[in-house]
Amino acid sequence: MRLRLEKRAAPSAAMRWAAPLMATLLMLVTGMLILVLLGKAPGDAFRVFFIKPLASVYGIGELLLKTTPLLLCGLGLAIGFRSNVWNIGAEGQLTIGGICGAGVALAFGDTESSWLLPAMLIAGIVGGMLWAAIPALLRTRFNTSEILVSLMLVYIAQLLLGYLVHGPWRDPDGYNFPQSRLFNDWELLPLLWDGVRTNIAFLIALLLAALSWIFTAKTYAGYRMQVAGLAPAAAAYAGFSERRNIWLALLISGATAGLAGIAEVAGPIGQLQPQVSPGYGFAAIIVAFVGRLHPLGILLGSLLMSLLYLGGEQAQIELALPSAITGLFQGLLLFFLLAADLLVNFRITGSAR
Amino acid sequence: MTDSLPPTNSAATPGSAPRLALRGISKRYPGVVANDAVDLTVQPGEIHALMGENGAGKSTLMKIVYGVTRPDAGTIHWQGEPVTIDSPARARALGIGMVFQHFSLFETLTVAENIALALDHRAPPSTLDARINEVSERYGLPVDPKRLVHSMSVGERQRVEIVRCLLQAPQLLIMDEPTSVLTPQAVQTLFGTLRRLASEGVSILYISHKLDEIRQLCDTATVLRGGRLAGTATPRLEDDAGLARLMIGSELSPCQLPPKQPGEIMLELTNLNLPSSDPFGTHLQRVDLRVRRGEIVGIAGVSGNGQKELMAALSGECLSPDAGAVRIGGQPVGRLGPAARRRLGLGFVPEERLGRGSVPAMSLSDNALLTGAATAPAMLRHGLVSRRAARDFATGVIAAFNVKCGGESSIASSLSGGNLQKFIVGREVRLDPQVMVAAQPTWGVDVGASQMIRQALIELRNRDVAVLVVSEELDELFAICDRLVVIAQGRLSPSRTPAQTSVEEIGSWMSGGFIAAADAKQEVRDAAAA
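### Remarks on the overall build of chain B
Next up, step 1: In terms of regular secondary structure, chain B is built from 17 helices and 22 strands.
Next up, step 2: By the compact-globule yardstick of 24 Å for 530 residues, chain B fits well, its C-alpha radius of gyration being 25 Å.
Next up, step 3: Projected onto its principal axes, the C-alpha coordinates of chain B cover approximately 75 × 60 × 40 Å.
Next up, step 4: For chain B, with 530 residues in total, the buried portion stands at 47%.
Next up, step 5: In chain B, 68% of the contacts between residues at least 6 apart in sequence involve partners at least 24 apart.

And the structure:
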């Protein structure tokens, strides 16, 4: 008997939404199994990974802090993914956003001024958009794959950041560490409340989640982009411009990734360092899919992903596990989501042919 | 003819086993029963028609015989022996050949190379050419083994497919809707070849829904309806109404075209030249066309002669560098996109329903927005879409066109082809166009829906809309058009009223018969201008 996949006539809508939950559950079970195989007590590991990070107000603050860049990047990417534009380079746009925003701070930040912070945020957004404009231009001009171009630009952005902090932007009083000078208080995003590191970028991200819901559900532009994603020939038939769609998708996702970048640099990091993100831009791709490309789902997905980052850190400290543990859980989550989605759309039959 | 006639035929020699006998063949797909306990018997040397509307299960049944698909239940007997046909290679080894509706030829290879690729046993090129020539001469199927396929017409390509099958010396030849790509004259040539094959003892299974052809050619007919056996008949002894009744289960009523004086020109093409972006596409050359208010103009032609390109040039999906080459209501629109043309009063029903005329995964009400948002002001306010207006509009279309569905929130892909087409036509009609362009509006649509769609186009004409219809069905065009033109090789013929012309003239034009005369006229005009 041969196993084969047969397309379901009508995939269940309920199962479509249940798939991310099942993927999360399977990730937990498999992850715990791996930890047990590594010789850790399962109850212990679960507590360290998923309970302890949330056991204090500070911990909740950290959760929301890490949720912010994931949510920002995920919202932007989802708008592109819905319209079949595959920006895989949010990590690069995030890095450039951080560089551009920091550049404004380093150039004009020596004296306090109330417009400085808004200018930094805008510079970050514009930087992310410019970086995303490169794949948009190449795709609309030469029909190159935006997947490859945006991905390769990630590494260029990271090397550019490395060059800046090792060279021209290195803090002269920094004992030769590859870092910019520390930002002044007026160059940092205000905190939400005392005792946590969460800043107003989280509120901005929540606002953007609401706006992105309005964009996709209510606006004609959002409708056009969805049609382009679901049926390109129907979009051409209705007269929706493919070029405009590609530009819009990449510029929006570049803007939110750039904002995430400057929010990190002008937030918890407080200076430019050789690395400004532990892979938020890539993790946001998983977040977007786990959240079913829906703003509310993306919010939940980025909370989960943020918890995986925190749990991974905690596990390094308390269970002496390598930092790769976070990536392992991310990978498990994506793997099980893809598997669950496959089974939502197909059934396994036992017959030959 | 009755449903109770036994499934045998007069050509059968008593005592000899039938060439092919299917008993109780059933095949289910998710959500559909394609074949339900179907019986079919084909005798040696018989030309046997397999009739039925689109979606009746003909193609599935033939795929089962050719080993592409396996049945869920039922038996196949070949020359009296029970067999299992689990692959096309097995089918060919038994002596079954099939000519598909959509050809499977590599355009960049020669005829001989294409045939060599399809043979189960490798043949040396030197002898292959000779064998191709031999078969093509013997059956009146002229093909040049050295020619590249992309330079050949559709009819020539079909000959290649037939020769390819005949090289395997089949005992049963399956032809799937072979005449949909042929001119009336080429159809007669094909019939000659098929009769000759039958006289040599080859059985032919001829799949079609064209009643007159079946009556001309076939000894026996098996009719499928909704996946089931509707009955068998001897086509020569039946009239159209009887065969149609068997095929669709109800009577046909003809279209009424009241006489009408056409008004001003609404759609005008003037010397439209458009190179195709597809390397194997057709270039449009010197296309002139005028459609007036209150008339239906039909474009006949064999598919692949520039219809697709012409439709894209009219809809705005393909822009023309010369803005004045396309005019809607007198305005030059050659460089305007589809949405801008719609705002000038264009309605357009494309050939592909799913994925172009509609978004398969979206609800009908969201599909109403697809073209409605550009033209119906209620559906779009300040960049925001009004879902309520779209719902109301979709509900109106569903009611007016009797679209069978679960309501305006049904997903487009859940509708049957005919119902989705009714929805798309209804959407375009109710957006109140001044010019309506419809490409193959009834292709693959059941008879009831076809009737309704044709009637809707006629009502538009009666309301003084300019209507242009492209179709491969000549009967349809003769029934509903005020004027006919023919497209061949990217050129458009002069127009004729149905009364002025005949199937023969249109047929000869379909193979390019008007082009030489048009070129001569053009030369005279050029000389006069010089």
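### Points about the overall build of chain A
Next up, step 1: Scanning chain A from N- to C-terminus turns up 13 helices and two strands.
Next up, step 2: Counting only C-alpha atoms and orienting by the principal axes, one finds that chain A spans roughly 75 × 60 × 35 Å.
Next up, step 3: Pairs at least 24 apart in sequence give 77% of the contacts found in chain A among residues at least 6 apart.

### Describing the environment of Gly-167 of chain A
All names here are of chain A.
Next up, step 1: Its place among the elements puts Gly-167 in the loop between α6 (146-166) and α7 (201-218).
Next up, step 2: A residue is classified by how many C-beta atoms lie within 10 Å of it, and Gly-167, with 9 of them, is exposed.
Next up, step 3: Between the C-alpha atom of Gly-167 and that of Glu-6, which follows or precedes it by 161 residues, the distance is 58 Å.

### A closer look at the interface of chain A and chain B
Next up, step 1: Between chain A and chain B, the residue contacts involve 19 residues of the former and 28 residues of the latter.
Next up, step 2: Looking at the side of chain A that touches chain B, the elements that each hand over two or more residues are β1 (4-7), α8 (220-230) and α9 (232-238) of chain A.
Next up, step 3: Residue classes in the side of chain A that touches chain B are distributed as 12 nonpolar, two polar and five charged.

### Concerning the sheet that holds strand β9 (residues 220-225) of chain B
All names here are of chain B.
Next up, step 1: Here six strands make up an open sheet; going across it, the order is β6-β7-β8-β3-β9-β10 and the pairing mixed. Edge positions in the sheet fall to β6 (96-99) and β10 (228-233), since each has one partner strand and no second. Across the sheet, the mean angle separating the axes of adjacent strands is 20° when strand polarity is ignored.
Next up, step 2: Bridging between strand β7 (residues 172-176) and strand β8 (residues 203-208) involves five bridges; their strand directions are parallel. Within β8, the position partnered with Asp-176 by the bridge is Ile-207.

### Describing the environment of Leu-190 of chain B
All names here are of chain B.
Next up, step 1: Within the element layout of this structure, Leu-190 appears in helix α6 (residues 184-199).
Next up, step 2: Residues Leu-190 and Tyr-139 lie 51 residues apart in sequence; the distance between their C-alpha atoms is 9.6 Å.
Next up, step 3: With residues up to four places along the chain from it excluded, the contact list for Leu-190 reads Pro-178, Thr-179 and Leu-182.

### Let's talk about the pairing of strand β1 (residues 20-29) of chain B
Next up, step 1: Two elements, β1 of chain B and strand β2 (residues 32-42) of chain B, share seven bridges in a ladder whose sense is antiparallel. By the bridge assignment, Lys-27 of chain B is partnered in β2 of chain B with Asn-35 of chain B.

### A short note on the pairing of β6 of chain B
Residue and element names in this part refer to chain B.
Next up, step 1: The alternating pattern of β6 places Ile-96 and Met-98 and Gly-97 and Val-99 on opposite faces, both of which are buried.
Next up, step 2: Here four bridges tie β6 to β7, and the two strands are oriented parallel to one another. Looking across to β7, one finds that Ile-96 is bridged to Leu-172.

### What about the domain arrangement of chain B?
Where interface size is given, it is often the accessible area lost as the parts come together that is meant.
All names here are of chain B.
Next up, step 1: Split by domain assignment, chain B resolves into domain 1 (25-247) and domain 2 (265-345 + 433-529).
Next up, step 2: One C-alpha centre belongs to domain 1, the other to domain 2, and the line joining them spans 32 Å.
Next up, step 3: Contact residues are listed per partner, giving 11 residues for domain 1 and 14 residues for domain 2.
Next up, step 4: Taken together, the residues that form the side of domain 1 that touches domain 2 break down as four nonpolar, five polar and two charged.

### Considering the sheet that holds strand β14 (residues 326-328) of chain B
Residues and elements named next belong to chain B.
Next up, step 1: The four strands are arranged β12-β11-β14-β15 in an open sheet whose pairing can be described as antiparallel. Of all strands in the sheet, those bounded by a partner on one side alone are β12 (284-292) and β15 (331-332).
Next up, step 2: Strand direction decides the pairing type here: β14 and β15, joined by two bridges, are antiparallel. Bridging from a neighbouring strand, Arg-327 pairs with Pro-332 of β15.

Definitions and cut-offs
Residues numbered from 1 in each chain as written. Chains lettered and ligands numbered in written order. Predicted model: local features only at pLDDT ≥ 70, side-chain atom pairs only at ≥ 80, totals over all residues. Helix = DSSP H or I, 4+ residues; strand = E, 2+ residues; numbered from the N terminus. Rg over C-alpha atoms; globule rule 2.2 N^0.38 Å. Buried ≥ 20, exposed ≤ 12 C-beta atoms within 10 Å, placed from the backbone. Contact = placed C-beta atoms within 7 Å. Nonpolar A, V, L, I, M, F, W, Y, C, P; charged D, E, K, R; others polar. Pairing = 2+ DSSP bridges. Axes fitted to C-alpha atoms, helices over the stretch in contact; angles between N-to-C directions. Domains from an automatic or database assignment.

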